[in-house]
Amino acid sequence: MSEAVSAVADDVAPVRIEGPWREFWRAYAQSRGALLGLGLTVALILCAIFAGVIAPHPPYEQYREFTLTPPAWQAGGTKDFILGTDPVGRDILSRLIHGTRLSLLIGLISVAISLSLGVVLGLVAGYVRGWVETTIMRLMDVMLALPSLLLAIAVVAILGPGLINAMYAIAIVLLPHYVRLARAAVIAEAGKEYVQSSKIAGAGPLRLMFSTILPNCLAPLIVQATLGFSSAILDAAALGFLGLGAQPPTPEWGSMLADALEFIQRAPWVVTFPGLAILVTVLAFNLMGDGLRDALDPKLKR
Amino acid sequence: MLAFILRRAALIIPTFIGVTLLAFALIHLIPGDPVENLSGERGMDPARRERLLHQFGLDRPLPVQYGEYIGQVLKGDLGTSLTTHEPVLDEFLTLFPATIELAFFAMLLAVAIGLPAGILAALKRNTVADYAVMGVSLTGYSMPIFWWALLLILFFSVQLGWTPVSGRIAVEYDVPAATGFMLIDTLKIHDWAALRSALSHLILPSIALGTIPLAVIARMTRSSMLEVLREDYVRTARAKGLPRWRVILVHALRNALIPVITVIGLQVGLLLSGAILTETIFSWPGVGNWLIHGVQSRDYPVVQGGILLIATIVISVNLVVDLLYGVVNPRIRHA
């Protein structure tokens, strides 16, 4: 008898049910772009963590006798400064590597603020409904009526220029997207049976909102958060470029670009590389966001 | 239909009120003394401050101030610029045609290239052409446009010397500002050399500003087209034996364009964000450049008025897009 059972078990064994992570990874790894995005992102994160070790020079060190040295492969370049130096003789490669830290930090902090605040507001709006919902959503409409950079500029005008205030400004700019997503998801989920049964079982509104409903609306929020990273980095660089974000001598990519603007004709490399760094980082997060969207939500698949 | 229009139009009133509240609050939220901010004078004597406080109405309760502000806005009085001492609204209206001209050509370029590229990618799905279009458009979508603009200047203006670096027209041409649109004004006086100069000034900023909308349109057209090509009516049209181009251009494209048109309409906000950067780099005399100067020189009436006006424009354009969408798609109208 027991032999028969084990024989059946042996027959069944090859059909393995995939865990959710495996299933997700299989869907995600289907897209080469998504893998490229993930690879780039991991590389950037490593770059940010080990900036102090990788960077050949300190980011603020001014080598006065080497101002505006061209990149190593151009005439007049040296191996000491692979991507050349800026107008005061700082190593561009080292500044870019340290800039990775800032850019990822800007993305992380502004998305974290925006996501948590947005989820709370969206859940409340979708769950409570009535005038609370109307007030929150109208406020979001106002914020969406302003072009993103204009809203960020307005916030910076109030708070004053600077890296930290730029992060707040970007968090505010990103906010409406999370609120709308969270609200829509809650409204779609609230009527479903598992929510009803949890309610009947005596779950309070906080438990219903955060522990019953929220986990089931995470997919679009994760996708939006990833894409939010790229717009945060792009907007922070734009603010830095306009002189409203990070202030010199901070090695933030946008302000590095703005700093060197007058030397663009004589030394194009001071402008080329910081921009390239912004492009690659933003591209990495966009690729990853697209891949996550396709993997997490087949309905959204293009 | 009229009921639909009125219902949609009524929805923007709370949004507009919100925007005026934001613009009004700006003057009070900005660090420093509102009187100094509004007059642009620092360290004035108390008597003068008292007089200005009264003149600006800042000594009244906030709700009264807001009511007065709304009254002024509705009369078209947005205050006076601190740097030029011109009315803010007049300055905006003088500069706005330059921004429209730039945005229009950027959009023209984005549609003229983005639409066919998206169609091509959808028809040649999973081929090299598709990957190329999608790769380029994702890069365009991720582009920091202030940097892109600089690269364009470096290559086309500095290296090749084909286009001018900045401005709207070469200084030697004296074009009377009849409409404010440089191309129309030069056409009006039949000055072909001036028209050429204006066009050569327009091309690089249009490319820089049009890149992101182009990428968005190409991506959107591709996905919308792919969806439509799977529909039954496309199969029916093919089964009827219609030529392939006819099925694609008449049956598929017309339906695929509906979401694309909405996306094009909704790019206005994006265009104005981009215009701030593009105009700054090319010294284009438009409202984006003006607003950034306002922020940098702490010209708060300009900042306040500029934000209010730009938001109003975005709200109105979105409303028009909404209405057009309802006209095209009856399912929305009757929802």
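Refer to the structure printed above.
Residues numbered from 1 in each chain as written. Chains lettered and ligands numbered in written order. Predicted model: local features only at pLDDT ≥ 70, side-chain atom pairs only at ≥ 80, totals over all residues.

### So, the overall build of chain A
Thought 1: When you go through chain A residue by residue, the secondary structure sums to 13 helices and zero strands.
Thought 2: The N-to-C order of helical and strand elements in chain A reads α-α-α-α-α-α-α-α-α-α-α-α-α.
Thought 3: What you see for chain A is a C-alpha radius of gyration of 24 Å, clearly larger than the 19 Å of a compact globule of 302 residues, by over 25%.
Thought 4: Expressed along its principal axes, the backbone C-alpha trace of chain A runs to roughly 85 × 65 × 30 Å. (Helix = DSSP H or I, 4+ residues; strand = E, 2+ residues; numbered from the N terminus. Rg over C-alpha atoms; globule rule 2.2 N^0.38 Å.)

### Considerations on the interface of chain B and chain A
Thought 1: Listed by partner, the interface residues are 37 residues for chain B and 35 residues for chain A.
Thought 2: Counting only elements with at least two residues in the side of chain B that touches chain A, the list comes to helix H1 (2-29), helix H6 (128-141), helix H7 (145-159), helix H11 (244-282), helix H12 (287-296) and helix H13 (300-328) of chain B. (Contact = placed C-beta atoms within 7 Å.)

### Here we look at the nonpolar core
Thought 1: Judged by nonpolar contacts, the single largest core of 172 residues is most densely connected at Leu150, Ala152, Ile170 and Ala182 of chain A together with Ala149 of chain B.
Thought 2: Broken down by element, the residue count for this core peaks at 17 residues, all from helix H9 (residues 192-229) of chain B.
Thought 3: Ignoring any residue separated from it by four or fewer positions in sequence, one finds Ile170 of chain A in contact with Ser110, Ala152, Ala232, Asp235 and Ala236 of chain A. (Core = buried A, V, L, I, M, F, W, Y, C linked by C-beta atoms within 7 Å. Buried ≥ 20, exposed ≤ 12 C-beta atoms within 10 Å, placed from the backbone.)

### As for the packing of helix H5 (residues 92-128) of chain A against helix H8 (residues 163-190) of chain A
Thought 1: Viewed as axis vectors pointing N to C, H5 of chain A and H8 of chain A meet at an angle of 35 degrees, and their least axial separation amounts to 6 Å. Classified by chirality, the crossing of H8 of chain A by H5 of chain A is right-handed. (Axes fitted to C-alpha atoms, helices over the stretch in contact; angles between N-to-C directions. Left-handed = near helix turned anticlockwise from the far one by under 90°.)

### With respect to the environment of Leu115 of chain B
Thought 1: Structurally, Leu115 of chain B is set in helix H5 (residues 88-123).
Thought 2: When residues no more than four places from it in sequence are discounted, the contact partners of Leu115 of chain B are Ile217 and Thr221 of chain B.

### Some details on helix H10 (residues 232-239) of chain B
Thought 1: Burial of H10 of chain B is sparse: only zero of the eight residues sit out of reach of the surface.
Thought 2: Taken from the residues just after H10 of chain B, Gly241 of chain B is the one with a positive phi, measuring 90 degrees.

### Quick word on the environment of Gln30 of chain A
Residues and elements named next belong to chain A.
Thought 1: With respect to the secondary-structure elements, Gln30 resides in the loop between helix H2 (20-28) and helix H3 (32-49).
Thought 2: You can call Gln30 exposed: it has 12 C-beta atoms within 10 Å.
Thought 3: C-alpha separation for the pair Gln30 and Lys199, spaced 169 residues apart in sequence, amounts to 39 Å.

### A look at the packing of H5 of chain A against helix H6 (residues 130-145) of chain A
Residue and element names in this part refer to chain A.
Thought 1: Between H5 and H6, the least distance of the axes is 7 Å, while the angle of their chain directions is 140 degrees. The angle between H5 and H6 places the two elements in the oblique class. The handedness of the crossing between H5 and H6 comes out as left-handed. Contacts from Leu121, Val124, Ala125 and Val128 of H5 reach H6 at Gly130, Val132, Glu133, Ile136 and Met137.
Thought 2: For the contact of H5 with H6, the per-class residue count stands at seven nonpolar, one polar and one charged. (Parallel < 35°, antiparallel > 145°, perpendicular 65-115°, else oblique. Nonpolar A, V, L, I, M, F, W, Y, C, P; charged D, E, K, R; others polar.)

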